[in-house]
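# Examination of the molecular architecture
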Amino acid sequence: PAAPQTGSSLSENYLALLWHHRLYLYAAAALVVGLWVSLKVALNLRYKILGMFNFSLRLCFQKSGEKDAVSGAIKQEEPEVHVSGVKIFYGSQTGTAKGFAKVLSEELKALGFPAEVIDMKDYDPDDRLADECVSGSVCVFLVATYTDGQPTESAEWFCKWLEDASTDFRYGRTYLKGLRYAVFGLGNSVYVGHYNTVCKNVDKWLWMLSAKRLMTRGEGDCNVVKSRHGSVQADFQAWKGKFLSRLQALATGEKKTCSGKNCKTGSSCKSKKEEEEASKETGSEVRRREEDESDLTGEKRSVVDLEDLGNLMKNAKKAKVRIQSAESLCFVRVLFTSSSLSFFPGYKLIGSHSGVKLCRWTKSMLRGRGGCYKHTFYGIESHRCMETTPSLACANKCVFCWRHHTNPVGTEWRWKMDPAEKILQDALEKHQDMIRQFRGVPGVKPERYEEGLAVKHCALSLVGEPIMYPEINAFIRLLHSRRISSFLVTNAQFPEEIRSLEPVTQLYVSVDASTKESLKKIDRPLFKDFWPRFLDSLKALGEKRQRTVYRLTLVKAWNVEEMQAYAELIALGQPDFIEVKGVTYCGESSASTLTMANVPWHQEVVAFVQQLAAMLPEYEVACEHEHSNCLLIAHKKFKLDGDWWTWIDYERFQDLVQAQQDSGGRQTFSALDYMARTPSWALFGAREQGFDPADTRFQRRNKTKDISGC
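Residues numbered from 1 in each chain as written. Predicted model: local features only at pLDDT ≥ 70, side-chain atom pairs only at ≥ 80, totals over all residues. Heavy atoms only, no water.

Under the annotation held in an unreviewed UniProt entry, the chain carries the name S-adenosyl-L-methionine-dependent tRNA 4-demethylwyosine synthase TYW1 and is attributed to Oryzias sinensis. UniProt's Catalytic activity (unreviewed entry) comment on the chain is quoted here verbatim: "N(1)-methylguanosine(37) in tRNA(Phe) + pyruvate + S-adenosyl-L-methionine = 4-demethylwyosine(37) in tRNA(Phe) + 5'-deoxyadenosine + L-methionine + CO2 + H2O". The annotation that UniProt attaches to the chain under Sequence similarities (unreviewed entry) is "Belongs to the TYW1 family." (UniProt positions renumbered as here; feature names shortened; annotations may be inferred.)

In terms of helices and strands, the chain carries 21 helices and 24 strands. The buried share of the chain, reckoned over its 710 residues, is 53%. Residue pairs at least 24 apart in sequence account for 74% of intrachain contacts in the chain once pairs closer than 6 positions are excluded. In the structure as shown, the chain presents an accessible area of about 33,400 Å², 53% of it carried by carbon and sulfur atoms. (Helix = DSSP H or I, 4+ residues; strand = E, 2+ residues; numbered from the N terminus. Buried < 20%, exposed > 50% of the residue type's maximum accessible area, 1.4 Å probe, protein only. Contact = heavy atoms within 4.5 Å. Areas by Shrake-Rupley, 256 points an atom, 1.4 Å probe, with all protein chains shown as cover.)

We now examine the pairing of strand E3 (residues 137-144). Of all 8 residues in E3, 8 are buried; the element is thus mostly enclosed. Of the two faces of E3, the one lined by Ser137, Cys139, Phe141 and Val143 and the one lined by Val138, Val140, Leu142 and Ala144 are each fully buried. Pairing geometry for strand E1 (residues 85-91) and E3, over 7 bridges, is parallel. Paired with valine 86 across the bridge in E3 is valine 138. Here E3 runs beside strand E4 (residues 180-187); their pairing, made up of 7 bridges, is parallel. Bridging from a neighbouring strand, cysteine 139 pairs with tyrosine 181 of E4. (Pairing = 2+ DSSP bridges.)

Turning to the environment of glutamate 106, a few remarks are in order. Along the chain, the position of glutamate 106 falls in helix H3 (residues 96-110). For the pair glutamate 106 and glutamate 116, spaced 10 residues apart in the sequence, the C-alpha separation amounts to 9.8 Å.

Turning our attention to helix H6 (residues 156-167). In a regular helix each residue adds 1.5 Å, so 12 residues correspond to 16 Å; H6 covers 17 Å between its end C-alpha atoms and thus fits that length. In terms of burial, H6 is a largely internal element, 9 of the 12 residues being buried. Of the residues making up H6, those classed as buried are Trp157, Phe158, Cys159, Lys160, Trp161, Leu162, Asp164, Ala165 and Ser166. (Expected span 1.5 Å × (residues − 1).)

With that out of the way, let us pick up the packing of aromatic side chains. Scanning all chains against the criterion turns up 25 aromatic pairs. Ring geometry for phenylalanine 577 against phenylalanine 638: centres 4.6 Å apart, planes inclined by 35°, an arrangement best described as tilted. Highlighted residues: phenylalanine 577 in strand E18 (residues 577-582) and phenylalanine 638 in the loop between strand E20 (630-635) and strand E21 (639-640), separated in sequence by 61 residues. Both residues of the pair, phenylalanine 577 and phenylalanine 638, belong to the buried class. An aromatic cluster of three or more residues is present, and its members are Tyr373, Phe377, Tyr378, Phe487, Phe577, Phe638 and Tyr650. (Phe/Tyr/Trp six-rings, centres within 6.5 Å; stacked < 30°, edge-to-face > 60°.)

Now for the packing of helix H19 (residues 563-573) against helix H20 (residues 602-614). Interhelical geometry of H19 versus H20 gives an angle of 55° and a closest axis separation of 10 Å. Here H19 lies oblique to H20, going by the angle between them. In this structure, the crossing between H19 and H20 has a hand that is right-handed. Contact residues: Met563, Tyr566, Ala567 and Ile570 in H19; Phe608, Gln611 and Leu612 in H20. Classifying every residue of the contact of H19 with H20 gives 6 nonpolar, 1 polar and no charged. (Axes fitted to C-alpha atoms, helices over the stretch in contact; angles between N-to-C directions. Parallel < 35°, antiparallel > 145°, perpendicular 65-115°, else oblique. Left-handed = near helix turned anticlockwise from the far one by under 90°. Nonpolar A, V, L, I, M, F, W, Y, C, P; charged D, E, K, R; others polar.)

A few words on the pairing of strand E15 (residues 485-490). By the criterion of burial, E15 is predominantly enclosed, with 6 of the 6 residues buried. Both faces of E15 are covered, namely the face carrying Ser485, Phe487 and Val489 and the face carrying Ser486, Leu488 and Thr490. For strand E14 (residues 457-460) and E15, the ladder comprises 4 bridges, and the chain directions are parallel. Each residue of the ladder has a partner; that of leucine 460, found in E15, is leucine 488. Direction of pairing for E15 relative to strand E16 (residues 506-510): parallel, over a ladder of 4 bridges. Within E16, the position partnered with leucine 488 by the bridge is leucine 507. Considered for its hand, the β-α-β crossover made up of E15, helix H16 (residues 495-500) and E16 is right-handed. (Right-handed = clockwise from strand over helix to strand, strands pointing away.)

Pasting the structure below:
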């Protein structure tokens, strides 16, 4: 008989059996896995099909108003509203445009469109116009051209705001994107040079802010001889018929047919003729905003070198620039001409090398919406401050230049020189003219309007290098003779001029970097010996007895890591104050690679300032202006008995200047002789963060991150 098998032999036999039939086992396992994968795929596909089916059912039920398959609720689709209403803005002097607005309003109401007639003088575009981008309404502008091509008195502020916004990087090119509009102008072709200028400009400025033009601009002519339809009334009737037809088509959702060749992305279709017209009207603005200097190479540039100035003016506006030589000095007859206005948008040019511009903080304080950082740090009245310069030329090509490099550059004075008296007188007159445009503007405080006509402060920091002007001391003396304070900014490339400068209320030096390499990268100075000049300028600043300031501009990823080097520069010049602000992004420019990523948040600026102050035993953080992304580090000598005295006693300063002049320079004074106590709301750490509680903060609707300084 066979011997019984042990447990070990049974296991061996079982394993041998499995080994001999292993191919069957592999096939079975593969079949199971394949079935499992196929099942999963089928289930997923089923869920997707069901989801799409349910979604389609919901859409069908919503469109038909039937019972929803999921919730069981009755959901009737609301019809899409393409035009929620029409707002008719008019600017009229004799009442004609107002009459047209009322006629158009009645016809719109008869067709079932809600219509509102608005006098431009009663409308604040700064507060309300951007809301029209999302309201679904259509805006119609009926504007008359008055004397010398200017808007009527009622439309003056509206047009001024629109012009400023179209060239101000703080609003952005897409500020009015979504606003739909049509324009009709009232003019007289007898005045050849000013025919319908206002309506053309309004159309252009709206287009530059990305508003959507619904139809071709209409132009009514009061000259019956040349009027296309025999009279301005007939011109309006013809335009009105086209507008109503276009509006009715728009209300049904109909869009213009388009070949696709002439459309501006996101805007209405235009015929080739319309597009060429818009391009012609806006060409100079687009070129000015997009064709900035690409680099220090030979690429296409808009930064103007002295040797290129004549060619630029000739090519741009055929301005005749004559080069003269006198001994060893070469003069360009004028730095700019009246035809150079396209290079300085928003500026009022003075003589042949100066300019004045209304600061946005001046406008803000006129309306009780707060002042600039100088109001917080030093107590100036922003609505009484004139921003000007006697020299639009500069010796640097800074990457963050907030004038988009439209000013010429050079290392020495080479232009015909205007007398200081003329520059100051013209600057005051032009500044007052700009202030007068705010008379009757909604929100402007009457008492501040009256005060704003009397200039009390002058910020010599508009653009360029004011200290290059050979008669800068005479200009400063004239300011002080009118008891106007002086805030002068220099880019630290003219040390001898700093030493010879007479006392100013406050002298600034821009310290944009702390090492030779980063200064070359950020400021791009023209001088080959820019670094020795920079250091010598700081030493010259330290020799001054009046108030001195370092102005540091932080550019994230470029100069915020150079803490120790900054501390060494501060020890070199020993300034009274150190202003630290985040760089202001001025929009896209081929002149630099600066982007919004280089703009530090306010919290980042605060952290930098606190770290820097900790390295400076004689300084502390004193003030803050959060809205300008700016903080002030002050020398401890301005802190008396625990209180900061960073503000300025302006009347005391003027008395001290006069006494020094009367004594022939023997009687001198220092920064401590005209200081004033800083209010609690201006101090660092205060709840107000530097915003004057006497004013009301206004938050503008904007689609972009707004970190803007002064």
